[in-house]
Amino acid sequence: MAGRINDDDVRAVRDAVPIDAVVSEYLQLRNAGGGNLKGLCPFHDEKSPSFHVSPSKGLYHCFGCQEGGDTVDFIMKVDHLSFAETIERLASQAGITLRYEEGGYAPGRQQGERTRLVEAHKAAAQFYIDQLDSPEAEIGRKFLAERGFDQAAAQHFGVGYSPAGWDHLTRFLRGRGFTDKELILSGLSQDGRRGPIDRFRGRLMWPIRDIAGEVVGFGARKLRDDDNGPKYLNTPETPIYRKSHVLYGIDLAKKEIAKGNRAVVVEGYTDVMACHLAGVRSAIATCGTSFGEGHIKILRRLLMDNSGSEVVFTFDGDAAGQKAALRAFEDDQKFAAETSIAITPGGMDPCELRLAKGDEAVADLVESRTPLFEFALRQLVARHNLATPVGRAAALDEAAPIVANIKNSSIQHETAVQLAGLLGILDTQFVVRRVSQLARWARERGRDPREAQGRPQRRGAEPARPAAPEAPRGPALNLRSPAHRVERELLKLALQRPDLVAPTFDAYGIDEFTAPPYAVVRRCIEDAGGTAAADAGFLTRVREAAPDDTVRSMVTELAVEPLHTRRDPDELYAGVQLVAVRLAAVRQRCAEIHGALQRHDPRTGGEQYTALQNELWVLEQYAQALRERGAAAL
């Protein structure tokens, strides 16, 4: 059984790896003010960034889906790792040797499943690279040279060679301490008649890395005529490799994509290599599958998914390439970015184009792109005989629902006008009205406009409606309402700038926070030693004091959310919040006393009545002092 990682080592790992450095491996971060950063959340789909990172606090929080935590929480969530696997990965990045209790340090035995599979792939990648220099791999070196890739290019992309024997890699990895079960699970080996054998044999190998740069799979290209397998063979689906969620070259292209707000999608490994070597370093490719939803999510986070960003698809000019372009067009509306297509001349792919005409031709290909909507419409229209009324009507029937699917009404109108021109229909407004009608029917029915094509619903019929959302269980507490805003702001100060509110804040009672969630957070701060004891581990102690994940998320949210001040907070600003919360509590108590006095008969109330009157007088005087003297009266 794996031992428990030493607590001191866990703390060292948390402190050693900056959260902004980790998160920026997965999405583009921009300045959010107040020392914070923001980007598109990797945990839910959104069009505007609500995912905030606080480097100074070491925390993140999404104000859209409420996910939040520290560096360890982020890696566990985004890569579906266990706590131990996450600590091991971060420790490896930071160069920290972990100590394991209950038996000491034994990395080969202690690591989690994912870590072991990643380590196996890392070892396999180096094994393949070393094999590329062998005499047997001459055919692989020749393949690369014929496509314009020298030894330096092969090294840059980690290209290797898998020996043609049955179990060269399997025996190598066994010698590294990996079990047969791990080798089968990783996809590097497969079951043979007498035990595991290599999955890839006699092929040129491309390592497929995730966005963080870890090898999670391989793409293998056959080199010999007697190889009866497919031209390209990829790693099967494994616990660390899902082809619909990886993009080849993303580890090399992510910074250029974020910097230039452009991603170039090509079709193969050699196309990615050719583009990068030609200066188009934002090129990436899918791995044996069509471009889909998972790939879109990766690019949206890197592009910040704004209207100024762009995704350029490059496809061969043949029928298969055009079909792939139309498949990509079906997902166009899932981007806020502009989508374009660049068709290579003469049916050449980017690799062939670079070889035939040089690096400049590849760069020019990307610059000569055409909007994907325009390309798709031209392809659809070209299927029909536009010289006849029947042909034009059929083309309109097919194309209008697609134009109606455009969400932006201005672009929809402009594209409808363009469609009329493509069809040769002089009455432009007729086409515009047709598109608008289809879009309206689709909105009413909650359906795709292409399904709305046909006869309108008969008059009097009840339109189809989407299923009603589940009814809330009770009235939700609006924690951002004016009634609770000051309490929220004070808690944010206590977590973000405890030096400004200590020690006054620590004297505040739990009952001074009228929103129950805020009262619980106040209790957590007290259990962590209060603001007067705040140090480097203060936030960690507060989060650990939370009774459940909901409160822990609330603490993270308050620690990351920007303060409501345009300048740096100071003692004056903190004093205003302290006074406001105390004054609200005093007013609340005064209201309770007034109610109690009304319920008492002054003639029979006796000492209790008199005590309430005295308390009310004292509180009213205190309230007046708070209003007049501010923080000095606290």
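Refer to the structure printed above.
Residues numbered from 1 in each chain as written. Predicted model: local features only at pLDDT ≥ 70, side-chain atom pairs only at ≥ 80, totals over all residues. Heavy atoms only, no water.

**Structural notes on the sheet that holds strand β11 (residues 232–234)**
Basically, it comes down to this: We treat two strands as partners when DSSP finds at least two bridges between them. Numbering of helices and strands runs from the N terminus, with a helix taken as a DSSP run of H or I at least four residues long and a strand as a DSSP run of E at least two residues long. Only C-alpha atoms enter the line fits that serve as axes; for helices the fit covers just the stretch in contact. Angles between N-to-C directions range over 0 to 180 degrees.
Pairing within the open sheet is antiparallel, and its 4 strands lie in the order β6-β9-β10-β11. With partners counted over all chains shown, the strands left at the sheet margins are β6 (160–162) and β11, one partner each. This sheet shows a mean twist of 35° between the axes of neighbouring strands, independent of strand direction. As paired strands, strand β9 (residues 203–209) and strand β10 (residues 215–222) are joined by 7 bridges and run antiparallel to one another.

**Here's the deal with the nonpolar core**
The cut-off we apply is this: The set of buried Ala, Val, Leu, Ile, Met, Phe, Trp, Tyr and Cys residues whose side-chain atoms join them within 4.5 Å is what this entry labels a nonpolar core. Working definition: with a 1.4 Å probe on protein chains only, accessible area under 20% of the residue-type maximum means buried, over 50% means exposed, and in between means partly exposed. Whether two residues are in contact is decided by their heavy atoms: any pair within 4.5 Å suffices.
Among the nonpolar cores identified, the biggest contains 47 residues, and Val23, Phe51, Val53, Phe74, Ile250, Ile257 and Leu299 are the most heavily contacted of them. A per-element tally of this core places helix α13 (residues 293–303) first, with 5 residues. Sequence-distant contacts of Phe74, that is, excluding residues within four places in its chain, are made with Val22, Val23, Tyr26, Leu27, Pro42, Phe43, Phe51 and Tyr60. If you look at the next biggest cluster of nonpolar residues, it comprises 42 residues, including Val118, Leu132, Trp206 and Val264.

**What to know about the pairing of strand β8 (residues 195–198)**
Where strand β7 (residues 189–192) meets β8, 4 bridges bridge the pair, whose relative direction is antiparallel. In the strand pairing of β8, Gly192 is matched with Gly195.

**Focus on the pattern of salt bridges**
Stated precisely, the cut-off is as follows: Any Lys or Arg side-chain nitrogen located within 4 Å of an Asp or Glu carboxyl oxygen qualifies as a salt bridge.
All told, the structure shown has 36 salt bridges when counted by the stated rule. Taking the shortest distance from any N to any O, the salt bridge between Arg582 and Glu512 comes out at 2.7 Å. Within this pair, whereas Arg582 is found in helix α27 (residues 571–599), its partner Glu512 is found in the loop between α23 (498–501) and α24 (516–527), the two being separated by 70 residues in sequence.

**A look at helix α6 (residues 113–131)**
The following threshold applies: Between the first and last residue of a helix there are one fewer steps than residues, each counted as 1.5 Å, and that sum is the expected span.
Helix length check: α6, at 19 residues, gives a terminal C-alpha distance of 27 Å against a target of 27 Å (1.5 Å per residue), a fit within 8%. Buried residues of α6: Arg114, Thr115, Arg116, Leu117, Val118, Ala120, His121, Ala123, Ala124, Ala125, Phe127 and Tyr128, and no others.

**What to know about the state of the cysteines**
As a reminder of what qualifies: Only a pair of cysteine sulfur atoms within 2.5 Å counts as a disulfide in this structure description.
This model, assessed by the stated rule, comprises 0 disulfides. Sulfur of Cys41: no disulfide; nearest cysteine sulfur belongs to Cys62 and is 3.7 Å away. Look at Cys41 and you get buried, because its relative accessible area is 3%.

**A few points about the side chain of Ser50**
Which entries qualify depends on this criterion: Distance and chemistry together define a polar contact, namely a pair of N or O atoms within 3.5 Å, with one atom able to donate a hydrogen and the other to accept it when in protein, and with adjacent residues in sequence counting only for side-chain atoms on both sides.
With respect to the secondary-structure elements, Ser50 resides in the loop between β2 (36–39) and β3 (51–54). Here Glu46 takes part through its side chain, which lies 2.4 Å from a polar atom of the side chain of Ser50. If near-sequence neighbours (up to four positions away) are discounted, Ser50 is found in contact with Gly39, His44, His61, Cys62, Phe63 and Gly64.

**As for unusual backbone geometry**
Here the bond from Ala502 into Pro503 is cis, since omega is -5°, no more than 30 degrees from zero. By the secondary structure assignment, Pro503 is in the loop between α23 and α24. With a phi close to 70°, Gln66 is a non-glycine residue in the positive phi region. By the element assignment, Gln66 lies in the loop between β4 (59–62) and β5 (68–70). One non-glycine residue, Asn261, adopts positive backbone phi at about 55°. Within the secondary structure, Asn261 sits in the loop between α11 (250–260) and β12 (262–266).

**Observations regarding helix α16 (residues 359–367)**
Rule in force here: The arc in question is formed by the directions pointing from the helix axis toward the C-beta atoms.
Among the residues of α16, those classed as buried are Ala361, Val362, Leu365 and Val366. Each buried residue of α16 lies within a common arc of 140° when the element is viewed along its axis, so the set occupies one face. Buried residues along α16 sit against β12, α12 (269–277), β14 (310–315), β15 (338–343) and α15 (350–357).

**Focus on the sheet that holds strand β16 (residues 370–371)**
Hydrogen bonds between backbone groups are what pair the strands of a sheet, and the pairing can be parallel or antiparallel. Taking strand neighbours across the sheet as the criterion, the 5 strands line up as β13-β12-β14-β15-β16 in an open arrangement whose pairing is mixed. Of all strands in the sheet, those with a lone pairing partner are β13 (283–285) and β16, marking the two edges. Relative to β14, β12 runs parallel, the two being bridged by 4 bridges. Bridging from a neighbouring strand, Arg262 pairs with Glu310 of β14.

**Things to note about the pairing of β4**
Residues of β4 alternate between two faces, with Leu59 and His61 on one and Tyr60 and Cys62 on the opposite face, all of them buried. As paired strands, β3 and β4 are joined by 4 bridges and run antiparallel to one another. Across the sheet, Val53 pairs through a bridge with Tyr60, a residue of β4. Connecting β3 to the next strand, β4, in antiparallel fashion are 4 residues, including Gly58 with a positive phi near 70°. Pairing geometry for β4 and β5, over 3 bridges, is antiparallel. The residue bridging His61 from the neighbouring strand is Gly68, located in β5.

**Let's talk about the packing of aromatic side chains**
The geometry of an aromatic ring pair is captured by two quantities: the separation of the ring centres and the angle between the planes. Stated formally: Pairing of aromatic rings covers Phe, Tyr and Trp, the last counted by its six-membered ring, and requires centre-to-centre distances within 6.5 Å; plane angles under 30 degrees mean stacked, over 60 mean edge-to-face, and any other angle means tilted. Either the NZ atom of lysine or the CZ atom of arginine qualifies as a charge over a ring when it sits within 6 Å of the ring centre and within 35 degrees of the ring normal.
Scanning the model with the defined rule gives 17 aromatic pairs in all. Plain terms: the ring middles of Tyr248 and Tyr269 are 4.9 Å apart, the flat faces sit at 80° to each other, and that makes the pair edge-to-face. Pair noted here: Tyr248 is in the loop between β11 and α11 and Tyr269 is in helix α12, with a separation of 21 residues, a long-range link. In terms of burial, Tyr248 and Tyr269 fall into one category: buried. Arg147 extends its terminal NZ or CZ atom over the ring of Phe143, reaching a point 3.6 Å from the ring centre.

Geometric descriptors of this kind do not, in isolation, establish any biological role.
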